[in-house]
Amino acid sequence: DTGPMLMRETLAIDPTDTTATLHDKLALLGGPLIVAALLKLDSQDSQDSLTPTPQPEAGMIYAHKIMKSEGVIDWQQPAIVLERRIRAFDPFPGCTTELQGIPLKIWKATARPASSGQPGICLQTTKEGILVACGEGALLITEAQRAGGKRMAAFNLLHGV
């Protein structure tokens, strides 16, 4: 949407926000703004009217439709990029990989500095999760889901809980 703005509000994005959590925060913020805009439209007071303001062109880019194939994890990417992608694609399309040939959806992960390792190779498993080498750094997978299963802590997934 590149049209003029009638009202605006800002919201800080938390480093752990996903598309789902951000959607909910924006919905809570946007509801009252719509009501305020409708009240201003109905107002006879010229000082309380809405004034269209053009959106700044700086930083504006076209966001294409997200394809399911974009959720496939490329372990050659830096861990921080993969962490952000996992958060961005929650809930749709989700990020997928394979664990010993079994499809796996990753829901939560954190970028970590890495020991050396070939991208995509498991470096360590702990109660915290599964540490996988990336092109730069490592990704600690903390929540995942087998095909047809439910989301669970990565530790539980490894131990069949």
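Small disclaimer: the values here were computed from a predicted structure and weren't measured.

Asker: What should I look at first to understand the overall build of the protein chain in this one?
Answerer: Looking only at helices and strands, the protein chain has three helices and six strands in total. What you see in the protein chain, going N to C, is helices and strands ordered as α-α-β-β-β-β-β-β-α. In summary, the protein chain has a C-alpha radius of gyration of 21 Å against a globular reference of 15 Å for 161 residues, an excess of more than 25%. Looking at the protein chain as a whole, 24% of its 161 residues qualify as buried. Put simply, 53% of the contacts in the protein chain that link residues at least 6 apart link residues at least 24 apart. Counting every atom, the protein chain has about 11,000 Å² of accessible surface; 57% of that belongs to carbon and sulfur. For the protein chain, the distance from the average position of its 15 positive side-chain charges to the average position of its 17 negative side-chain charges is 10 Å.

Asker: How should I be thinking about the environment of Ala-12 in this particular structure?
Answerer: Locating Ala-12 in the fold gives a position in the segment before helix 1 (19-42). For Ala-12, a relative accessible area of 64% corresponds to the exposed category. For the pair formed by Ala-12 and Cys-134, sequence separation is 122 residues and the distance between their alpha carbons is 28 Å.

Asker: For this particular structure, what's the right way to read a nonpolar patch on the surface?
Answerer: Nonpolar side chains collect at one region of the surface, where Ile-34, Leu-38 and Leu-41 lie side by side and expose about 330 Å² of accessible area between them. Leu-38 sits in the exposed class, given a relative accessible area of 52%.

Asker: Would you explain the packing of aromatic side chains in this entry?
Answerer: Any two aromatic rings considered together are summarised by their centre-to-centre distance and by the angle between their planes. Evaluated as defined, the whole model comprises zero aromatic pairs. Sitting above the plane of the Trp-107 ring, Arg-151 keeps its charged end 3.6 Å from the centroid.

Asker: I tried to follow the state of the cysteines on my own but got confused; where do I start?
Answerer: Put plainly, a disulfide is one covalent bond tying together the sulfur atoms of two cysteines. Applying the stated rule across the entire model yields zero disulfides. In this model Cys-95 remains outside any disulfide bridge; the closest cysteine sulfur is found in Cys-134, 12 Å from its own. You can call Cys-95 buried: its relative accessible area is 1%. No disulfide involves Cys-134; its sulfur sits 11 Å from the nearest other cysteine sulfur, which is in Cys-122.

Asker: Looking at this model, I keep getting lost on unusual backbone geometry. Mind explaining?
Answerer: What you tend to see is this: most non-glycine residues have negative phi, and most peptide bonds are trans. Residue Asp-90 is joined to Pro-91 through a cis peptide bond whose omega torsion reads 20°. With respect to the element layout, Pro-91 can be found in the loop between helix 2 (79-88) and strand 1 (95-99).

What counts as what
- In every chain, residue numbers begin from 1 and rise along the written sequence.
- Local features are withheld for residues below a pLDDT of 70 in this predicted model, meaning they are given only at 70 or higher, and side-chain atom pairs are given and counted only at 80 or more; totals for whole chains, interfaces and linings count all residues.
- For side-chain calculations, the full set of non-hydrogen atoms in the structure is used, while hydrogens and water are omitted.
- Per the convention used, a helix needs a DSSP run of H or I reaching at least four residues, while a strand needs a run of E reaching at least two, with both numbered from the N terminus.
- The quantity called the radius of gyration is restricted to C-alpha atoms. Its globule counterpart is 2.2 Å times the number of residues to the power 0.38.
- Only protein chains enter the area calculation, which uses a 1.4 Å probe; residues under 20% of their type maximum are buried, those over 50% are exposed, and those in between are partly exposed.
- The criterion used for residue contact is that any of the two residues' heavy atoms lie within 4.5 Å.
- Shrake-Rupley sampling with a 1.4 Å probe provides the accessible areas, and residues are treated as covered by the protein chains on show and by no other component.
- Under this rule, positive means Lys or Arg and negative means Asp or Glu; His and the chain ends count for nothing.
- Every charge is mapped onto a representative atom, which is NZ of Lys, CZ of Arg, CG of Asp or CD of Glu.
- To count toward a patch, a residue needs a relative accessible area over 30% and no salt bridge; like charges are then connected within 9 Å, while nonpolar side chains (Val, Leu, Ile, Met, Phe, Trp, Tyr) are connected within 5 Å.
- Note on definitions: salt bridges are taken to be side-chain nitrogens of Lys or Arg within 4 Å of carboxyl oxygens of Asp or Glu.
- Between the rings of Phe, Tyr and Trp (Trp by its six-membered ring), a pair exists once the centres lie within 6.5 Å; its type follows the angle of the planes, with under 30 degrees stacked, over 60 edge-to-face, and the other angles tilted.
- The criterion is that NZ of a Lys, or CZ of an Arg, lies within 6 Å of the ring centre and within 35 degrees of the ring normal, and then a charge sits over that ring.
- Note on terminology: disulfide denotes any pair of cysteine sulfur atoms within 2.5 Å.

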